[in-house]
Amino acid sequence: MSRVTKAQATWKGHLADGEGSASLESAGIGPFTVNWTNRAEAEVDKVTSPEELIGAGLASCFSMALANIVAEEGATPEQITTGADVTFDPVKGIKEIHLVTVGRAGGIEQKTFQTLAERAKKTCPAAKALSGVKITLSATMA
């Protein structure tokens, strides 16, 4: 069974000096303010970017996929925390996403965790959707 989730964005003005908002309608979260300055030039307090939202989506998808793979291996996934560092170039777009994940799982060693994390990176649906982007990974056990 497929499920449709909804997000919405609105933009007002020109790219460089305009401003917009994005909302995660299905979750009732937002609106989040987005603008070009935060996207490509300098960090602006309480303003996000499409790339940051993509990073959040990838990090959450990856964490879920890794927890599932750890459980399938017979270990107990206690907590998986993943950050996504998205490198954006105003001309070339998203150049790279570096995932940094820290996991706590009973019955698993660091080497196995790393192997399972690499598998999750290849199989999580969000990573598949971003197949044109270089995704790198650092995975450690807490």
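Everything discussed here concerns the structure shown above.
One structure accompanies this document, and this report is about it. Small disclaimer: the values here were computed from a predicted structure and weren't measured.

Here's the deal with the overall build of the protein chain
A tally of helices and strands in the protein chain yields 4 helices and 6 strands. Ordered by position in the sequence, the α and β elements of the protein chain form the string β-β-β-α-α-β-β-α-α-β. Taking the principal axes of the C-alpha coordinates as reference, the protein chain spans close to 55 × 30 × 25 Å. For the protein chain, buried positions account for 33% of its 142 residues. Looking at the protein chain alone, contacts between residues at least 24 apart form 48% of all its contacts between residues at least 6 apart. Total accessible area on the protein chain stands at roughly 8800 Å², and carbon and sulfur atoms take up 52% of it. Measuring between centres, the 14 positive side-chain charges of the protein chain sit 6 Å from its 16 negative side-chain charges.

Some points on the packing of aromatic side chains
Within this structure, the stated rule accounts for 1 aromatic pair. Ring plane angle 80 degrees and centroid distance 6.2 Å describe the contact between Trp36 and Phe88, whose orientation is recorded as edge-to-face. With Trp36 in helix H1 (residues 36-41) and Phe88 in strand S4 (residues 76-89), this pair connects stretches of sequence that are 52 residues apart. Just as Trp36 is buried, Phe88 falls in that class too.

Details of the sheet that holds strand S6 (residues 134-141)
With respect to topology, 3 strands assemble into an open sheet ordered S4-S5-S6, the strand pairing being mixed. Every interior strand has two partners, whereas the edge strands, S4 and S6, have only one. For this sheet the average axis-to-axis angle between neighbouring strands, irrespective of direction, equals 15 degrees. By the bridge criterion, 13 bridges tie S4 to strand S5 (residues 93-106) in an arrangement that is antiparallel. Each residue of the ladder has a partner; that of Gly83, found in S5, is Val100. This element, helix H2 (residues 50-72), spans S4, S5 and S6 of the sheet and lies at about 150 degrees to S4. Packed on one face of the sheet, helix H3 (residues 110-123) meets S4, S5 and S6 and runs near 150 degrees to S6.

A short note on H3
Taking 1.5 Å of rise per residue, 14 residues should cover 20 Å, and H3 covers 20 Å from first to last C-alpha, within 8% of that figure. Inspection of H3 places Phe113, Leu116, Ala117, Ala120 and Lys121 among the buried residues, and these make up the whole buried set. All buried residues of H3 lie within an arc of 150 degrees about the axis, which places them on one face of the element. Summarising the geometry of H3, the exposed residues directed more than 90 degrees from the buried face are Lys111 and Lys122.

As for the sheet that holds strand S1 (residues 8-12)
Strands in a sheet are paired, the pairing made by backbone hydrogen bonds, and the direction either parallel or antiparallel. The 3 strands lie next to each other as S1-S2-S3, forming an open sheet whose pairing is antiparallel. The open sheet terminates on both sides in strands that have one partner only, identified here as S1 and strand S3 (29-34). Strand-to-strand twist across the sheet, computed as the mean angle between neighbouring axes with direction ignored, equals 15 degrees. Across 5 bridges, the pairing between S1 and strand S2 (residues 19-24) is antiparallel. Bridge pairing links Thr10 to Ser21 in S2.

Thresholds applied
Per chain, the residues get numbers from 1 upward, laid out in the order the sequence is written. The model is predicted, so local features are restricted to residues of pLDDT at least 70 and side-chain atom pairs to those at 80 or more, both for listing and for counting; the totals for chains, interfaces and linings are taken over all residues. The side-chain numbers reported here are obtained from all heavy atoms of the structure, hydrogens and water having been left aside. Runs of E in the DSSP output that reach at least two residues are strands. Runs of H or I that reach at least four are helices, and both are numbered from the N terminus. Think of it in three bands: with a 1.4 Å probe and only protein chains considered, a residue is buried below 20% of the maximum accessible area for its type, exposed above 50%, and partly exposed in between. In this analysis, two residues are considered to be in contact whenever any of their non-hydrogen atoms come within 4.5 Å of each other. All accessible areas in this document rest on Shrake-Rupley with a 1.4 Å probe, and a residue is counted as covered only by the protein chains that are shown. Note on charges: Lys and Arg go in the positive column, Asp and Glu in the negative column, and His and the chain ends are not counted at all. Lys charges are placed at NZ, Arg charges at CZ, Asp charges at CG and Glu charges at CD. Two aromatic rings from Phe, Tyr or Trp, using only the six-membered ring of Trp, form a pair when their centres are within 6.5 Å; if the ring planes differ by under 30 degrees the pair is stacked, by over 60 it is edge-to-face, and anything between is tilted. Criterion used throughout: strands pair if DSSP finds at least two bridges between them. Axes, fitted as lines to C-alpha atoms, cover a helix only where it is in contact. Angles between the N-to-C directions of the axes lie from 0 to 180 degrees. An expected span of 1.5 Å times one less than the residue number is assigned to each helix. The directions considered for the arc run from the helix axis to the C-beta atoms.

The quantities given are spatial measurements derived from coordinates; they are silent on function.
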